[in-house]
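The primary structure of each chain is shown beneath.
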Amino acid sequence: KCTIAAIISRNGFKWSISLNHFSDAVVMSYLLKDNFFEFLYKSDQLKLANDYLHNPQEIKQYKKSILVCIRHNYAIKNWVIWKDLIDSLIYFGKDILNPFYICPQNLDRAHDKWVGKKRDALNKLELKERLAQIEEENVVYQEEKKAYLALQIVSKNISISPLQNVHEFFELGESFNNCLYANSYYKKNTFPGHHITSFRN
């Protein structure tokens, strides 16, 4: 007869090793019912095996890349950072089955490089979309406020006039980190924007 201990050992359980936050009973259970966990465990991807118990479905989505790493004896020691790297590579259309990309010698450095590139690309895309939106909003602003754009209020040494276009709302909002643009103060039923154009001596 095969004892439970013999079956567990046959499935790769290492009595001298424990995974963080999980009891031996949980590990044994997964070794018996989950082939991919068993493969990670037997391949000494112990940190990844530990993360797998937290979120098996997410990690399975990257199974093909993980298998490449294991074939090249590359240990994924930080799942979150490695996943961010892979997601960034996917964004740029890189081959996520190529060990050159997915098995970096310095994971932190590779992560910072590709995540930084992705962040810059997204910022440029967001700015491009934002500028296109501003152009559309400015057409409406110019039509609604055209009767007031030439208005100028002068008092002593201060000259005040309306903001001339939506770009100015955006630029001032960015410069002073306020909600002038974000809260759409350029729209018809809100307080009209204004700025000081000059100080006169």
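Everything below is about the structure shown above.
These remarks concern the structure in this document. Keep in mind that what you see is a predicted model, and the values were worked out from it rather than measured.

**Re the packing of helix α3 (residues 35-42) against helix α4 (residues 46-54)**
So, point 1. The N-to-C vectors of α3 and α4 enclose an angle of 155°; their axes lie 7 Å apart at closest approach. Here α4 runs roughly antiparallel to α3, going by the angle between their axes. Judged by the twist between their axes, the crossing of α3 over α4 is left-handed. Contacts between α3 and α4 involve F36, F37, L40 and Y41 from the former and L46, L48, A49, Y52 and L53 from the latter.
So, point 2. Considering only residue class, the contact of α3 with α4 consists of 9 nonpolar, no polar and no charged.

**Digging into the packing of aromatic side chains**
So, point 1. Inspection of every chain in the model, using the stated rule, returns 12 aromatic pairs.
So, point 2. Where W79 meets W82, the ring centres are 5.8 Å apart and the plane angle is 35°; that geometry is what we call tilted. Of this pair, W79 and W82 both sit in helix α7 (residues 79-91), separated by 3 residues, roughly a single helical turn. Taken individually, W79 and W82 each receive the classification buried, so the pair is uniform in this respect.
So, point 3. Cluster of aromatic residues (ring-pair linked, three or more members): Y30, F36, F37, Y41 and Y52.
So, point 4. Residue placement shows K33 over the ring face of Y30; its charged tip is 4.6 Å from the ring centre.
So, point 5. In this arrangement the basic side chain of K117 is found over the ring face of W114, its NZ or CZ atom lying 4.6 Å from the centre.

**Details of the side chain of E137**
So, point 1. Structurally, the position occupied by E137 is in helix α9 (residues 107-145).
So, point 2. Polar contacts involving the side chain of E137 include one to the side chain of Q133, which spans 2.8 Å.
So, point 3. When residues no more than four places from it in sequence are discounted, the contact partners of E137 are V166, Y181 and Y186.

Scoring rules and cut-offs
Residues numbered from 1 in each chain as written. Predicted model: local features only at pLDDT ≥ 70, side-chain atom pairs only at ≥ 80, totals over all residues. Heavy atoms only, no water. Axes fitted to C-alpha atoms, helices over the stretch in contact; angles between N-to-C directions. Helix = DSSP H or I, 4+ residues; strand = E, 2+ residues; numbered from the N terminus. Parallel < 35°, antiparallel > 145°, perpendicular 65-115°, else oblique. Left-handed = near helix turned anticlockwise from the far one by under 90°. Contact = heavy atoms within 4.5 Å. Nonpolar A, V, L, I, M, F, W, Y, C, P; charged D, E, K, R; others polar. Phe/Tyr/Trp six-rings, centres within 6.5 Å; stacked < 30°, edge-to-face > 60°. Buried < 20%, exposed > 50% of the residue type's maximum accessible area, 1.4 Å probe, protein only. Lys NZ or Arg CZ within 6 Å of the ring centre and 35° of its normal. Polar contact = N/O pair within 3.5 Å; in protein donor to acceptor, adjacent residues only side chain to side chain.

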